[in-house]
Amino acid sequence: MVKTIAIEGMHCQHCVQAVNEALAAVAGVTSVAVSLEQNNAVVNGENLDDAALKEAVEDMGFDVTAIA
(Lines give C-alpha, C1' and ligand atoms only; values in the text may rest on other atoms or scores of the structure.)
Protein backbone atom coordinates (compact mmCIF):
# COMPACT_ATOMS: atom_id res chain seq x y z
CA MET A 1 0.00 0.00 0.00
CA VAL A 2 1.33 3.44 -0.97
CA LYS A 3 0.05 6.76 0.38
CA THR A 4 1.06 10.24 -0.77
CA ILE A 5 0.65 12.91 1.88
CA ALA A 6 0.55 16.60 0.87
CA ILE A 7 2.25 18.65 3.61
CA GLU A 8 2.42 22.41 4.15
CA GLY A 9 4.90 24.19 6.40
CA MET A 10 8.17 22.39 5.66
CA HIS A 11 10.98 24.90 5.02
CA CYS A 12 14.28 23.04 5.46
CA GLN A 13 16.00 19.67 5.71
CA HIS A 14 15.40 19.64 9.46
CA CYS A 15 11.66 19.77 8.71
CA VAL A 16 12.05 16.89 6.26
CA GLN A 17 13.92 14.80 8.83
CA ALA A 18 11.31 15.49 11.54
CA VAL A 19 8.45 14.43 9.24
CA ASN A 20 10.40 11.38 8.07
CA GLU A 21 11.02 10.20 11.64
CA ALA A 22 7.41 10.85 12.70
CA LEU A 23 5.95 8.90 9.79
CA ALA A 24 8.45 6.05 10.15
CA ALA A 25 7.18 5.52 13.70
CA VAL A 26 3.57 4.96 12.59
CA ALA A 27 2.37 1.35 12.79
CA GLY A 28 2.58 -0.48 9.46
CA VAL A 29 5.00 1.93 7.77
CA THR A 30 7.87 0.17 5.98
CA SER A 31 9.45 3.14 4.15
CA VAL A 32 9.10 6.92 3.88
CA ALA A 33 10.35 9.41 1.27
CA VAL A 34 9.79 13.07 2.17
CA SER A 35 10.26 15.76 -0.50
CA LEU A 36 10.80 19.39 0.47
CA GLU A 37 10.55 20.43 -3.19
CA GLN A 38 7.21 18.68 -3.76
CA ASN A 39 5.88 19.37 -0.25
CA ASN A 40 4.86 15.77 0.24
CA ALA A 41 5.73 12.39 1.67
CA VAL A 42 5.33 9.02 0.00
CA VAL A 43 4.72 6.28 2.56
CA ASN A 44 4.82 2.54 1.88
CA GLY A 45 3.46 -0.06 4.25
CA GLU A 46 0.72 -2.42 5.31
CA ASN A 47 -2.70 -1.43 6.67
CA LEU A 48 -1.82 2.27 6.76
CA ASP A 49 -4.27 4.41 8.72
CA ASP A 50 -4.80 7.89 7.23
CA ALA A 51 -5.74 9.36 10.62
CA ALA A 52 -2.54 8.04 12.23
CA LEU A 53 -0.39 9.36 9.39
CA LYS A 54 -2.05 12.78 9.57
CA GLU A 55 -1.69 12.92 13.34
CA ALA A 56 2.01 12.05 13.16
CA VAL A 57 2.69 14.93 10.74
CA GLU A 58 0.47 17.45 12.51
CA ASP A 59 2.01 16.60 15.90
CA MET A 60 5.31 17.85 14.41
CA GLY A 61 3.68 21.22 13.64
CA PHE A 62 2.96 20.79 9.92
CA ASP A 63 -0.36 20.78 8.05
CA VAL A 64 -1.64 17.84 6.04
CA THR A 65 -3.71 19.07 3.12
CA ALA A 66 -4.44 15.73 1.42
CA ILE A 67 -3.75 12.00 1.60
CA ALA A 68 -4.07 9.92 -1.55
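Preceding this section is the structure that the text describes.
Quick notes on the rules
- Residues numbered from 1 in each chain as written.
- Predicted model: local features only at pLDDT ≥ 70, side-chain atom pairs only at ≥ 80, totals over all residues.
- Heavy atoms only, no water.
- Disulfide = S-S within 2.5 Å.
- Buried < 20%, exposed > 50% of the residue type's maximum accessible area, 1.4 Å probe, protein only.
- Helix = DSSP H or I, 4+ residues; strand = E, 2+ residues; numbered from the N terminus.
- Arc of directions from axis to C-beta.
- Pairing = 2+ DSSP bridges.
- Axes fitted to C-alpha atoms, helices over the stretch in contact; angles between N-to-C directions.
- Contact = heavy atoms within 4.5 Å.
- Polar contact = N/O pair within 3.5 Å; in protein donor to acceptor, adjacent residues only side chain to side chain.
- Expected span 1.5 Å × (residues − 1).

Novice: Which parts of the structure should I look at to understand the state of the cysteines?
Specialist: Formally, a disulfide is one covalent bond, and it connects the sulfur atom of one cysteine to the sulfur atom of another. Counting across every chain of the model gives 0 disulfides. Here C12 is not disulfide-linked; the sulfur of C15 is the nearest cysteine sulfur, at 3.6 Å.

Novice: Explain helix α2 (residues 50–58) to me, please; I cannot follow it from the model alone.
Specialist: Quick reminder: α-helices carry 3.6 residues per turn. Residues three or four places apart thus point the same way. Taken as a whole, α2 has its buried residues at L53, A56 and V57. Taken end-on, α2 shows its buried residues confined to a sector of 95°, consistent with a single buried face.

Novice: Before we go on, may I ask you to explain the environment of E46 in this structure?
Specialist: Secondary-structure assignment places E46 in the loop between β3 (40–45) and α2. Between the C-alpha atom of E46 and that of M1, which follows or precedes it by 45 residues, the distance is 5.9 Å.

Novice: Explain the sheet that holds strand β2 (residues 29–35) here, please?
Specialist: By way of backbone hydrogen bonds, the strands of a sheet pair with one another, either parallel or antiparallel. Judged by pairing direction, the sheet is antiparallel, and its 4 strands sit side by side in the order β2-β3-β1-β4 without closing on themselves. Both edges of this open sheet fall to β2 and β4 (63–67), since each of them pairs with a single strand only. Sheet twist, expressed as the mean angle between neighbouring strand axes with direction ignored, is 25°. Where strand β1 (residues 2–8) meets β3, 5 bridges bridge the pair, whose relative direction is antiparallel. Across the sheet, T4 pairs through a bridge with V42, a residue of β3. The sheet contacts of α2 involve β1, β2, β3 and β4, and relative to β4 the element is tilted by about 155°.

Novice: Explain the side chain of S35 here, please?
Specialist: Mapped onto the elements, S35 comes out in strand β2. Side-chain polar atoms of S35 contact the backbone nitrogen of E37, separated by 3.5 Å. With residues near it in sequence (within four places) discarded, S35 still touches M10 and N40.

Novice: Just checking my understanding: could you explain helix α1 (residues 13–24) for this structure?
Specialist: For α1, spanning 12 residues, the distance from its first C-alpha to its last is 16 Å, which sits close to the expected 16 Å at 1.5 Å a residue. Buried within α1 are the following residues: C15, V16, A18, V19, A22 and L23. Burial along α1 is one-sided: seen end-on, the buried residues are contained in an arc of 165°. In α1, the exposed residues that point more than 90 degrees away from the buried face are Q13 and H14. Its buried side turned inward, α1 meets β1, β2, β3 and α2.

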